[in-house]
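Here is how the chains run, residue by residue.
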Amino acid sequence: MEAAVGHTIAERFERQATYCGAMGAPVCAHLLSSAALDYARGGVVREFFAAHKEMETLSRAGIRFLAALHTCALDGSAPALAAHLPSCGGDGDAPAAWTAARAFLLENLQRVARLYNRTPQTNEPARSMPLLVGLLAAVQASPLPVRLFEIGASGGLNTRLDCYRYEGGTWSWGDPRSALVLRNRERGGRPLSLGAPLHIAERAACDLHPLDITKDADRRYLRSFIWADQSERLKRLADACEAASNVPLSIEKADAIEWLGERFRPREGALTVLMHSAMTYYLTPAQRAALRERIGRNAERARARAPMAWLRFEEEAGGMATRLTRWPGAIEGVVARSDGHAQGIEWLAP
Ligand SMILES: C[S@@+](CC[C@H](N)C(=O)[O-])C[C@H]1O[C@@H](n2cnc3c(N)ncnc32)[C@H](O)[C@@H]1O
């Protein structure tokens, strides 16, 4: 990942470039390492930050820079850059992409700065696969209608995980007509509980910066933060937005801890599930403790006829684990291990 705020922009860009390169995004890697060199030599990138001093202290500098340029390529205002970005149907010529990006930056410093200031935001629907399997495991143990609450939901693509089609090596689940078919790579056999009767009777979600995936502007926002090399991921996002648009969901703008309150208190005749993915990284230690405290307080009220589950896809020991805890009984297990975007999943028995 990118070097922390406090390092120079050149160092932060260079670190993010190395990460992009390792993650199979050579055009983004080249854009960032060229921008780092340009900054170090006092070129247009240095000028860009000199004119907007406050931007140097914003986190995720490389991601912001790439997304600002990507927005202009995607919306047609930087056609010379788009001609070299795979996401825009371009030829993937990385040096030519940098030449075009540099020229565009020279002419559009103010616009790129405005875009740079946006809060980085992603919503990865591929995470729905391990989350769905975890949810099915919870329903298998407590076959009741589900009340699903997601915190840090972004555009709510994973909150609508039941509207996608899933096709594993030896199994499938969901509507074959769904606009999104997920075929994440798997190992470790076949997930369990696929036959559990999932019915989501109630769903609610919050985010500090909620996005409405039925709106073009919010879809474009999410697209822009996907690296321009990742055409497959862009298609997955477009397909997920199309499928999810059929499931109404209003995502409240709220801090997760404040929003939860007593909201997910177990209720008779339903399985109450709290879910989150790739979000606890953004919480302070005090917020994490408050989240656990909320969960513990609600879990004390769980009964056989009012069960509760906590399903999360979060970082553990250098990778991501999908972990499920069920109450009553505080029965806990790991459903799957994977990379950050759940592209390669190892199934475990929860
Ligand atoms: C990396 S994104 C993950 C989004 C989504 N869960 C997914 O897996 O695709 C993290 C999300 O958490 C949200 N977030 C961070 N801190 C939050 C908080 N205290 N309360 C609510 N949402 C928060 C961010 O706005 C962002 O949308």
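If you're wondering where the values come from, they're calculated on a predicted model, not measured in any experiment.

An order of E3-E2-E4 is seen for the three strands of this open sheet, with the pairing classed as mixed. At either end of the open sheet lies a strand with only one pairing partner, and these are strand E3 (172-173) and strand E4 (181-182). For strand E2 (residues 165-167) and E3, the ladder comprises two bridges, and the chain directions are antiparallel. Each bridged residue has a counterpart across the sheet, and for Tyr-166 the counterpart in E3 is Trp-173. Along the sheet, helix H8 (residues 128-141) contacts E2, E3 and E4; its crossing angle with E2, the most-contacted strand, is approximately 95°.

In this section: the side chain of Asn-184. Take Asn-184: it is sitting in the loop between E4 and strand E5 (185-187). With relative accessibility at 7%, the residue Asn-184 sits in the buried group. From its side chain, Asn-184 meets the backbone oxygen of Ala-126 in a polar contact 3.0 Å long. Looking at Asn-184, its side chain comes within polar contact range of the main-chain oxygen of Ala-342, at 2.8 Å. Filtering out sequence-adjacent residues up to four positions away, Asn-184 remains in contact with Ala-126, Met-129, Ala-342, Gln-343 and Ile-345.

The next thing to look at is the pattern of salt bridges. Close approach of charged atoms allows side chains of opposite charge to pair. By the definition in use, this model includes 23 salt bridges. Here Arg-203 and Asp-162 are joined by a salt bridge, their closest N and O atoms 2.7 Å apart. With Arg-203 in strand E6 (residues 200-207) and Asp-162 in the loop between strand E1 (146-151) and E2, this pair connects stretches of sequence that are 41 residues apart. The partner of Glu-316 in a salt bridge is Arg-337, and the shortest N-O contact between them spans 3.7 Å. Of this pair, Glu-316 sits in strand E9 (residues 308-316) while Arg-337 sits in strand E11 (residues 331-338); the two residues are 21 residues apart in sequence, bridging distant segments of the chain. Several salt bridges share partner residues, and in doing so they unite Glu-262, Arg-265, Glu-293, Arg-297 and Arg-301 into one network.

This part is about the state of the cysteines. Linking two cysteines covalently via their sulfur atoms produces the bond known as a disulfide. The final tally for this structure, using the stated rule, is zero disulfides. In this structure Cys-88 is a free cysteine whose sulfur lies 11 Å from that of Cys-28, the closest cysteine sulfur available. Take Cys-163: it sits in no disulfide, and the sulfur closest to it among the cysteines is that of Cys-241, at 10 Å.

The subject of this paragraph is the pairing of strand E8 (residues 271-277). With seven of seven residues buried, E8 is to be regarded as a mostly interior element. Of the two faces of E8, both are covered, the one formed by Leu-271, Val-273, Met-275 and Ser-277 as well as the one formed by Thr-272, Leu-274 and His-276. Where E1 lies against E8, five bridges are found, and the strand directions are parallel. By the bridge assignment, Phe-149 is partnered in E8 with Leu-274. Of the strand pairs in this sheet, E8 and E9 are connected by six bridges, and their pairing is parallel. Of the residues in E9, the one forming a bridge with Thr-272 is Met-308.

Our focus in this paragraph is the domain arrangement of the chain. Its domain assignment divides the chain into domain 1 (9-116) and domain 2 (125-347). Taken together, the two surfaces of domain 1 and domain 2 that pack against each other cover about 1,200 Å², and 67% of this comes from carbon and sulfur. When the buried surface of domain 1 facing domain 2 is broken down by residue, His-70, Leu-74 and Ser-87 rank first, second and third, together holding 29% of it. Scanning the region where domain 1 abuts domain 2 turns up zero salt bridges. Along the contact surface separating domain 1 from domain 2 lie six residue pairs in polar contact (both at pLDDT 80 or more). Elements that contribute at least two residues to the side of domain 1 that touches domain 2 include exactly helix H1 (9-22), helix H2 (26-40) and helix H4 (61-74). A per-element tally of the side of domain 1 that touches domain 2 places H4 first, with six residues. Considered class by class, the residues forming the side of domain 1 that touches domain 2 number 13 nonpolar, five polar and one charged.

We now examine the packing of helix H3 (residues 44-51) against helix H6 (residues 94-107). For the pair H3 and H6, the least separation of the axes is 10 Å and the interaxial angle reads 35°. The crossing of H3 and H6 is left-handed. Along the contact surface, H3 presents Val-44, Val-45 and Phe-48, while H6 presents Trp-98, Arg-102, Leu-105 and Leu-106. Counted by class, the contact of H3 with H6 contains six nonpolar, no polar and one charged residues.

Scoring rules and cut-offs
- Residues numbered from 1 in each chain as written.
- Predicted model: local features only at pLDDT ≥ 70, side-chain atom pairs only at ≥ 80, totals over all residues.
- Heavy atoms only, no water.
- Pairing = 2+ DSSP bridges.
- Helix = DSSP H or I, 4+ residues; strand = E, 2+ residues; numbered from the N terminus.
- Contact = heavy atoms within 4.5 Å.
- Axes fitted to C-alpha atoms, helices over the stretch in contact; angles between N-to-C directions.
- Buried < 20%, exposed > 50% of the residue type's maximum accessible area, 1.4 Å probe, protein only.
- Polar contact = N/O pair within 3.5 Å; in protein donor to acceptor, adjacent residues only side chain to side chain.
- Salt bridge = Lys/Arg side-chain N within 4 Å of Asp/Glu carboxyl O.
- Disulfide = S-S within 2.5 Å.
- Domains from an automatic or database assignment.
- Buried area = accessible area lost by both parts, 1.4 Å probe.
- Nonpolar A, V, L, I, M, F, W, Y, C, P; charged D, E, K, R; others polar.
- Left-handed = near helix turned anticlockwise from the far one by under 90°.

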